[in-house]
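Read off the chains here:
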Amino acid sequence: MRLDYVSIFPDFFAPLTLSLPGKAAEKGLLEVGVHDLRGWTHDRHHTVDDTPYGGGAGMVMKPEPWGDALDALVVPPTTTGQRTTVVFTTPSGEPFDQRLAEELATREHLVFACGRYEGIDQRVIDHARTVAEVREVSLGDYVLNGGEVAALAITEAVVRLLPGFMGNAASLVEESHAESGLLEYPVYTKPPVWRGHEVPAVLRSGDHAKVASWRREQAVRRTAQRRPDLLTPSVLDDGTPIVRATPGDAGELLTLQRACWVQEALANDMLDIPALHESLEDVRAWLGEWDTYVVRRAGRLVAAVRGRVERGEHGDVWDIGRIMVAPDLQGSGLGRILLEHIQAVAPAEVASYVLFTGAASVRNQRMYKKAGFRLRRDLPAPPGAVVLTKNAARHGTDTRRGDL
Ligand code: SAM
């Protein structure tokens, strides 16, 4: 790959000789050219800016030096048909992310055009599109003084993806924003205890399956907590999404709840289960207090689950409830999927999950136990019900601290 940088501050690019990009250049993976835009000016003062047409504050970068720079740097399509890609760094560009880094890493030649002042005359970008591929790229929703830092950041993200650049290519697969789309799980190294903080026991267990499952759970949890926008909604096998309930779902939730709780009442031989007697107003009220998720099939609300944080004596507890599946879909695996979903979206600080079910609801209890919940006869439960708990996978020092 060849990288060219055009800037009025070429010294900004000294870091390119350091660290891994420097090594990549030594290995012959990268060719780098840094160019002073003023080298393409023809007046005594090496002028690169002028006042904006239409008035207004600040100066605009003149088109002529940029035109000459592009003439010198953009190369004709290669034998593989690839054109030069000119990256204009600008806060009004497409946001830079890992997907774009992956795309740019497939290019053979990138030219970074680093703006200053109020930016570059628009005609330069329009002209560049006629001779090269153009990407206008923003580092983020803030304004820098110039494009050099953005060009360096983009370079670092792109170059580490080049085949042969990283010593261990596997590290590219597991990190944040990689294929899974999740943030990375917390990482630890020696010593096992540092200033009273312990490395989670599971990471020292040598059980690879357990380590992998712990890491996956941590990654999902961290992403849900810090970047819920990155999480695509959980989907069932047929692509049906599990979505957050809205206040408008109250009526259908009441119907589903009655259908499910009549079954519970019959199975447990008790008609005074509170959920059975809730009104539409009651459902609207709890919808406002619980994180509730629903599944719709062909427009019909067919399943739901809710969770909320309760302050327990030993830490925060994620109270899971109302796992409801329409009678005609029971036994289809929907309940298990909802149970997994509601655990995955629990806030990071919860130490354990808790749920109640009918003492005679054998099928439910079997599903919960399969999912790692333990029956807790030692804990108080409403009449006719039992409590089940499970430790939340967390990255604290003592995973049992918050057990109920
Ligand atoms: N007037 C411009 C605007 O409002 O979009 C901002 C110009 S800025 C002061 C000068 C130069 O810094 C830009 O031309 C661009 O090259 C660079 N720059 C500033 N913020 C950037 C960002 N978020 N991402 C990429 N480049 C940025």
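Right above here is the structure, for reference.
Every value quoted in this text rests on a predicted model; they were computed, and no experiment measured them. (Residues numbered from 1 in each chain as written. Predicted model: local features only at pLDDT ≥ 70, side-chain atom pairs only at ≥ 80, totals over all residues. Heavy atoms only, no water.)

Participant: Any chance you could break down the overall build of the protein for me, citing the residues and the numbers?
Facilitator: Each helix and strand in the protein was counted, giving 11 helices and 16 strands. For 404 residues, the compact-globule estimate of 2.2 N^0.38 gives 22 Å, and the protein exceeds it by more than 25% at 29 Å. In terms of its C-alpha atoms, the protein occupies a principal-axis envelope of roughly 95 × 55 × 40 Å. The contacts of the protein with a sequence gap of at least 6 include a subset with a gap of at least 24, amounting to 70%. Of the accessible surface of the protein, which amounts to about 21,600 Å², a share of 54% is contributed by carbon and sulfur atoms. Where the 46 positive side-chain charges of the protein centre and where its 54 negative ones centre are 8 Å apart. (Helix = DSSP H or I, 4+ residues; strand = E, 2+ residues; numbered from the N terminus. Rg over C-alpha atoms; globule rule 2.2 N^0.38 Å. Contact = heavy atoms within 4.5 Å. Areas by Shrake-Rupley, 256 points an atom, 1.4 Å probe, with all protein chains shown as cover. Lys, Arg positive; Asp, Glu negative; His and termini not counted. Charge placed at Lys NZ, Arg CZ, Asp CG, Glu CD.)

Participant: Kindly report on unusual backbone geometry, identifying the contributing residues and their values.
Facilitator: Geometrically, the link from Lys 190 to Pro 191 is a cis peptide bond, its omega value of 5° lying close to zero. Position of Pro 191 among the secondary structure elements: in the loop between α6 (170–174) and β8 (193–194). Positive phi, normally seen in glycine, also occurs at Tyr 117, with a value near 55°. Among the secondary structure elements, Tyr 117 is positioned in the loop between β6 (109–114) and α4 (122–131). One non-glycine residue, Arg 195, lies in positive phi territory at about 50°. Looking at the secondary structure, you find Arg 195 in the loop between β8 and β9 (197–198). On the accessibility criterion, Arg 195 (69% relative accessible area) is exposed. (Buried < 20%, exposed > 50% of the residue type's maximum accessible area, 1.4 Å probe, protein only.)

Participant: Would you mind going over α4 in detail, with residue names and values included?
Facilitator: All of the buried residues in α4 are Val 124, Ile 125 and Ala 128. Looking down the long axis of α4, one finds its buried residues gathered within 95° of arc, a one-sided arrangement. Turned more than 90 degrees from where α4 packs its buried face, Arg 123 and Thr 130 sit exposed. Here the buried face of α4 lies against α2 (63–73), β5 (85–95) and β7 (133–138). (Arc of directions from axis to C-beta.)

Participant: Can you break down the environment of Leu 182 residue by residue, with the values?
Facilitator: In this structure, Leu 182 sits in the loop between α6 and β8. Setting aside chain neighbours within four positions, we find Leu 182 in contact with Glu 175, Ser 176, His 177, Arg 216, Ala 219, Val 220, Thr 223 and Leu 231.

Participant: So, the site of the ligand: which residues are in play, and what are the values?
Facilitator: The local shell around the ligand holds 19 residues, among which Thr 89, Glu 118, Leu 139, Tyr 142 and Leu 144 are the closest. One of the backbone N or O atoms of Leu 144 is found 2.8 Å from a nitrogen atom in the ligand. If you list the elements that add at least two residues to the shell around the ligand, you get β5 and β7. Per-element accounting of the shell around the ligand gives the leading share, three residues, to β5. Residues that form the shell around the ligand fall into these classes: eight nonpolar, nine polar and two charged. (Near = heavy atom within 4 Å. Polar contact = N/O pair within 3.5 Å; in protein donor to acceptor, adjacent residues only side chain to side chain. Nonpolar A, V, L, I, M, F, W, Y, C, P; charged D, E, K, R; others polar.)

Participant: Which residues make up a nonpolar patch on the surface, and what are the values?
Facilitator: Judged by side-chain polarity, Phe 9, Phe 12, Tyr 142, Leu 144 and Val 149 come together as a nonpolar surface patch covering roughly 440 Å² of accessible area. Assignment of secondary structure puts Val 149 in helix α5 (residues 148–159). (Patch = residues over 30% accessible without salt bridge, like charges linked within 9 Å, V, L, I, M, F, W, Y side chains within 5 Å. Salt bridge = Lys/Arg side-chain N within 4 Å of Asp/Glu carboxyl O.)

Participant: Tell me about the sheet that holds strand β2 (residues 31–36), and please be specific about residues and values.
Facilitator: Overall, parallel pairing links the five strands, which are arranged β2-β1-β6-β5-β7 in an open sheet. Each edge of the open sheet is held by one strand with a lone partner, namely β2 and β7. Ignoring which end each strand starts from, the neighbouring axes of this sheet average 25° apart. Across seven bridges, the pairing between β5 and β7 is parallel. Bridging across to β7, Thr 85 finds its partner in Glu 133. (Pairing = 2+ DSSP bridges. Axes fitted to C-alpha atoms, helices over the stretch in contact; angles between N-to-C directions.)

Participant: Got a sec to walk through the pairing of β5? Specific residues and values, please.
Facilitator: One ladder, built from five bridges, connects β5 with β6; its direction is parallel. Residue pairing across strands places Thr 85 opposite Leu 110, the latter belonging to β6.

Participant: So what about the packing of helix α8 (residues 250–267) against helix α9 (residues 280–289)? Which residues, and what values?
Facilitator: Following both chains from N to C, one finds α8 and α9 inclined at 110°, their axes separated by 9 Å at the closest point. One way to sum up the angle between α8 and α9 is to call them roughly perpendicular. Two packed elements cross with a definite hand, and for α8 against α9 that hand is right-handed. Contact residues: Ala 250, Gly 251, Leu 253, Leu 254 and Gln 257 in α8; Leu 280, Val 283, Arg 284, Trp 286 and Leu 287 in α9. Considering only residue class, the contact of α8 with α9 consists of seven nonpolar, two polar and one charged. (Parallel < 35°, antiparallel > 145°, perpendicular 65-115°, else oblique. Left-handed = near helix turned anticlockwise from the far one by under 90°.)

Participant: Break down the pattern of salt bridges for me, citing the residues and quoting the values.
Facilitator: Side-chain pairing between opposite charges can occur once the charged atoms of the two side chains come close. A complete count under the given rule lists 24 salt bridges for this structure. The closest approach of N and O atoms between Asp 4 and Arg 2, which form a salt bridge, is 2.8 Å. In this structure, Arg 311 engages Asp 316 in a salt bridge whose closest nitrogen and oxygen atoms are separated by 2.5 Å. Using a relative accessible area of 66% as the deciding quantity, one classes Arg 311 as exposed. By relative accessible area, which is 15% here, Asp 316 ends up buried. Taken together, the shared-partner salt bridges connect Glu 94, Glu 103, Arg 107, Glu 133 and Arg 135 into one network.

Participant: Give a description of the side chain of Ser 138 that names residues and reports values.
Facilitator: Along the chain, Ser 138 turns up in strand β7. A relative accessible area of 3% places Ser 138 in the buried class. At a separation of 3.0 Å, a polar atom in the side chain of Ser 138 contacts the main-chain carbonyl oxygen of Gly 140. In this structure Ser 138 touches Thr 90, Pro 91, Gly 93, Glu 94, Pro 95 and Phe 96, once residues within four positions along its chain are discounted.

Remember, this is a structural readout, not a statement about activity or role.
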